[in-house]
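Read off the chains here:
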Amino acid sequence: MLDLNDILVFARVVEAGSFTGAARLLRAPKTTVSRRIAALEQAVGARLLQRTTRSLAMTEAGRLYYERSSVALRLIEEANLRLAETRTEPSGTIRISAPAGFADHLLNSAVFDFLAAYPKTKAELILTDDRLNLIEHGIDLAFRTGILPDSTLIARKLGVTHRILCADPNYLAQFGTPQATADLARHACVIVGPSVDGAPWVLEGPGGQETVTVSGRFAVNDMHSALSAAIAGYGIAQLPYQFAESALQDGRLRRILENHTMSAGGLYVVYPSSRHLSPLIKAFIELVVRKLDTQLFR
């Protein structure tokens, strides 16, 4: 007789991409995961997973079985969640992943408000610019920016993020303030990228889209370091507003060419397709949506 728990374990192994990831997600020993997969394969009379010491892949039978069984599992999970919504307030632990700089502007405040509003909840933040495997790391939802690659994740677009142009007031006093986008080519610019030479900046302004090639003395692939370089006077930087907001407010940076921005793509909240929104996750997303700053996401 088929055991639904064995089917659930199989689905989690597929989604996590490994027995180890599924064991972490299910909070079960790896040996238990392996035993349940073996039991399921015996019950259905087919090999579902092809495993070696280094890789794991679905067989054709496994792919067909996952496609059908995962639909049934989602329906069962949804039924359980709908029932839970009618009788309980949000409770439990929510694990959230986000880019490091995102926490400073919005996420910390949202989490603190959430914990205050729902005393039965706890929160774990994983702040990293790496795009973690949500299933493998047991993450309930993640905030991501830019253009999302194709994946099995469910994504909700929260808005569009933009970068602004800003510089140290002392730098501008010494070298002048650009009056047009073409002026940027004659200034030192802080480059977020691999090289100080020939970086194309695509700007959106009243006249449409313009591209100007800039260069400078400092290049880095980290937005926090780019912010520090701009504050230190090493040139004009294009930064997400949330990174520059504090420095703009206290005068360490000044915004220039205010009618021009650089699109950084969308802001999304994503979560695994295998999980329908629990009251916990739904309540948190709704709180974040309410807190979105119209200056940044429009």
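Residues numbered from 1 in each chain as written. Predicted model: local features only at pLDDT ≥ 70, side-chain atom pairs only at ≥ 80, totals over all residues. Heavy atoms only, no water.

For this particular structure, what's the right way to read the pattern of salt bridges?
Two side chains of opposite charge can pair, provided their charged atoms sit close to one another. Per the stated rule, a full pass over the model turns up nine salt bridges. For the salt bridge of D3 with R36, the shortest nitrogen-to-oxygen distance reads 3.7 Å. Residue D3 is located in the segment before α1 (4-16), and its partner R36 is located in helix α3 (residues 30-44); the two are separated by 33 residues in the primary sequence. Note on D3: relative accessible area 30%, which makes it partly exposed. The partner of R36 in a salt bridge is D6, with the nearest N and O atoms 2.5 Å apart. (Salt bridge = Lys/Arg side-chain N within 4 Å of Asp/Glu carboxyl O. Helix = DSSP H or I, 4+ residues; strand = E, 2+ residues; numbered from the N terminus. Buried < 20%, exposed > 50% of the residue type's maximum accessible area, 1.4 Å probe, protein only.)

I'm lost on the packing of aromatic side chains in this one. Help?
Between two aromatic rings, the relevant description is the distance of the centres plus the angle of the planes. Counting across every chain of the model gives six aromatic pairs. Here the aromatic rings of F114 and Y118 are separated by 5.1 Å at their centres, their planes lie at 55°, and the arrangement is tilted. Each ring, one from F114 and one from F284, has its centre 5.3 Å from the other, and the planes form 90°; the classification is edge-to-face. With a gap of 170 residues between them, F114 in helix α5 (residues 100-117) and F284 in helix α9 (residues 279-291) connect regions that are remote in the sequence. Residue F114 is classed as buried on the basis of its relative accessible area of 1%. Under the relative-accessibility criterion, F284 is labelled buried at 0%. Taken together, the ring pairs connect F114, Y118, F143 and F284 into an aromatic cluster. (Phe/Tyr/Trp six-rings, centres within 6.5 Å; stacked < 30°, edge-to-face > 60°.)

What exactly am I supposed to notice about the packing of helix α2 (residues 19-26) against α3 here?
The description of two packed helices rests on the angle between their axes and on the distance between the axes. It is at 8 Å that the axes of α2 and α3 come closest, and there the two elements cross at 110°. In this view, α2 runs roughly perpendicular relative to α3, as classed from their interaxial angle. Residues F19, T20, A22, A23 and L26 of α2 form the contact with α3, whose participating residues are K30, V33, S34 and I37. For the contact of α2 with α3, the class distribution of residues is six nonpolar, two polar and one charged. (Axes fitted to C-alpha atoms, helices over the stretch in contact; angles between N-to-C directions. Parallel < 35°, antiparallel > 145°, perpendicular 65-115°, else oblique. Contact = heavy atoms within 4.5 Å. Nonpolar A, V, L, I, M, F, W, Y, C, P; charged D, E, K, R; others polar.)

Would you take a moment to explain the confidence of the model for the protein chain for this structure?
Atomic detail in the predicted coordinates should be set aside for any region of low pLDDT. Mean pLDDT over the protein chain works out to 82, with 87% of the residues at or above the 70 mark. Taken together, the stretch residues 294-298 has pLDDT below 50 and engages in 16 contacts with residues farther than four places along the chain or on a different chain. (pLDDT = per-residue confidence, 0-100.)

Just to check I follow, could you spell out the environment of D6 for this structure?
Position of D6 among the secondary structure elements: in helix α1. You can call D6 buried: its relative accessible area is 8%. Once the C-alpha coordinates of D6 and V33 are considered, the two residues, 27 residues apart in sequence, prove to be 8.5 Å apart. Excluding residues that lie within four positions of it along the chain, D6 makes contacts with R36, A39 and L40.

Please clarify how the pairing of strand β6 (residues 154-167) should be interpreted in this entry.
For a regular strand, side chains alternate in direction, first toward one face of the sheet and then toward the other. Pairing geometry for β6 and strand β10 (residues 236-240), over four bridges, is antiparallel. Within the sheet, the bridge partner assigned to L165 lies in β10 and is Q238. Looking at chain direction, β6 and strand β11 (residues 254-255) are connected through two bridges and run antiparallel. Paired with C166 across the bridge in β11 is R255. (Pairing = 2+ DSSP bridges.)

Honestly, the environment of V13 in this entry has me stumped. Any pointers?
If you trace the backbone, V13 turns up in helix α1. Of the residues examined, V13 reaches a relative accessible area of 0% and is grouped as buried. Remark: the alpha-carbon pair of V13 and L26, spanning 13 residues in sequence, is separated by 9.7 Å. The residues contacting V13, other than those within four sequence positions of it, are S18, F19, A22, V33, I37, L49 and L56.

When you look at the pairing of strand β9 (residues 208-220) in this model, what are you seeing that I'm missing?
Sheet topology note: the strand β7 (residues 188-192)/β9 ladder contains four bridges and is parallel. If you follow A188 over to β9, its bridge partner there is S215. With seven bridges connecting them, strand β8 (residues 199-205) and β9 associate as antiparallel partners. Across the sheet, the residue bridging to G205 is G208, located in β9. The loop that links β8 with its antiparallel partner β9 comprises two residues.

Would you mind going over the nonpolar core with me for this structure?
Nonpolar side chains in soluble globular proteins tend to be buried together. Grouped together as the largest cluster of nonpolar side chains are 21 residues, with contacts concentrated most on I94, I96, L107, L141, F143, F284 and V288. Those elements that place two or more of their residues in this core are β3 (92-98), α5, β5 (141-146), β12 (262-271) and α9. Looking at this core element by element, the count peaks at seven residues for α9. Ranked by size, the runner-up nonpolar core spans 18 residues in total, among them F10, L25, I37 and L48. (Core = buried A, V, L, I, M, F, W, Y, C linked by side-chain atoms within 4.5 Å.)

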